[in-house]
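Here are the chains, one letter per residue:
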Amino acid sequence: KSRGTIKDFPGFKANDDAEALRKAMKGLGTDEEAIIKILISRSNAQRQEIDVAYKTLFGRDLVDDLKSEISGKFENLIVALMTPSALYDAYELRHAMKGAGTTENVLTEILASRTTDEVRHIKQVYQQEYGTELEDSITGDTSGYFQRMLVVLVQGNRDPDSKVNDSLVEQDAQDLFKAGEVKWGTDEEKFITILGTRSISHLRKVFDKYMTISGYQIEESIDRETSGHLENLLLAIVKSVRSIPEYLADTLYHAIKGAGTDDCTLIRVMVSRSEIDLLDIKEKFRKNFGKSLHAMIQGDTSGDYRNALLLICGGDDD
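Parameters and conventions
- Residues numbered from 1 in each chain as written.
- Predicted model: local features only at pLDDT ≥ 70, side-chain atom pairs only at ≥ 80, totals over all residues.
- Heavy atoms only, no water.
- UniProt positions renumbered as here; feature names shortened; annotations may be inferred.
- Salt bridge = Lys/Arg side-chain N within 4 Å of Asp/Glu carboxyl O.
- Helix = DSSP H or I, 4+ residues; strand = E, 2+ residues; numbered from the N terminus.
- Buried < 20%, exposed > 50% of the residue type's maximum accessible area, 1.4 Å probe, protein only.
- Contact = heavy atoms within 4.5 Å.
- Axes fitted to C-alpha atoms, helices over the stretch in contact; angles between N-to-C directions.
- Parallel < 35°, antiparallel > 145°, perpendicular 65-115°, else oblique.
- Nonpolar A, V, L, I, M, F, W, Y, C, P; charged D, E, K, R; others polar.

Going by what an unreviewed UniProt entry lists, the protein is known as Annexin and is assigned to Xenopus laevis. Its UniProt record, at the heading Function (unreviewed entry), says of the protein: "Calcium/phospholipid-binding protein which promotes membrane fusion and is involved in exocytosis." The protein has a UniProt comment under Sequence similarities (unreviewed entry) that states "Belongs to the annexin family."

Structural data, given as structure tokens:
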């Protein structure tokens, strides 16, 4: 069952919405409020239908028209809302790797928190859009164990959740303990294989067993034994295995707090989770940071951009 803040709009009529949007953009000045109201109360699938209706009625491209009327962060947010979800993930991954420098945190966030099915879908769309395999882009742009861990995730071959085999749980926990805490120099390969291929319910048991064996949470060991992009990726996988909403609440909190907001991350998480688990993310956010997501967005953004984000957030839970 969806735990998103945005659902299909009842009584939806694509043509009516297309006409209302055209009206909001025609003539002098733009009615941003109308644009926000329509697009954010429709699901992504409905927005795609509005897109088609708009072209059919006016022979114009809706996204192009929107882009010519609005700008900045607000424009980025609206364009993200207009993009089908797998294509949006593919686009974000592509742009994290294009040009000089790689935005490793984007690769980490998306590939650590998407399900096996989602990853397979993203790969398909990536290939169609960019004429190249996601894996090839990653290997061309990253290196070392960070690269290897990403490549394992991109295979999308994590074991499906089934009955957990206790002796394998014990074995994996021992292997991780030996690889990390016991010997000098970490056997990263063990971490990569186990974290990248075992089922979610199996890994949760492994983490519990690891704690029993070592007296440490696995996060603490990863923190001590690894560093840099690899450490961030391993931690993101562990956190996502424990709870995806909790991991993404954490991601949002760090994007908003401190000097300067990481708007790219804020937009990506809000939009990509708006129909999946944003309600759960809000709950975890409140619980872990003692402040509502709504209140933090309100205090840290402004204008149409803020109004749109708050609508996606859906109500304050303070």
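Draft legend 1. How the structure looks around the pattern of salt bridges. In total, this model carries 17 salt bridges according to the counting rule given. Note that Arg 22 and Asp 65 form a salt bridge whose closest N and O atoms lie 3.9 Å from each other. Placement of Arg 22 in helix 1 (residues 14–25) and of Asp 65 in helix 4 (residues 62–69) is noted, with a sequence separation of 43 residues between them. Grouping residues by exposure puts Arg 22 and Asp 65 together as buried. Taken together, the shared-partner salt bridges in this structure form one network comprising Arg 3, Asp 280 and Glu 283.

Draft legend 2. Seen up close, the environment of Leu 252. With respect to the helices, strands and loops of the structure, Leu 252 is situated in helix 16 (residues 244–256). For Leu 252, a relative accessible area of 0% translates into the label buried. Each residue touching Leu 252, except ones within four places of it in the same chain, is listed here: Leu 266, Val 269, Met 270, Ile 281, Phe 285 and Leu 293.

Draft legend 3. Examining the environment of Asn 15 more closely. Mapped onto the fold, Asn 15 is located in helix 1. Since its relative accessible area comes to 41%, Asn 15 is described here as partly exposed. Between the alpha carbons of Asn 15 and Asp 51 there is a distance of 9.6 Å; along the sequence they are 36 residues apart. When near neighbours in sequence (up to four residues on either side) are disregarded, Asn 15 contacts Ala 53 and Leu 57.

Draft legend 4. Just the packing of helix 3 (residues 44–58) against helix 4, in detail. The N-to-C vectors of helix 3 and helix 4 enclose an angle of 90°; their axes lie 9 Å apart at closest approach. As judged from the angle between their axes, helix 3 and helix 4 are roughly perpendicular. In contact with Ile 50, Asp 51 and Tyr 54 of helix 3, helix 4 contributes Leu 62, Val 63 and Asp 65. Of the residues that constitute the contact of helix 3 with helix 4, the class distribution is 4 nonpolar, no polar and 2 charged.

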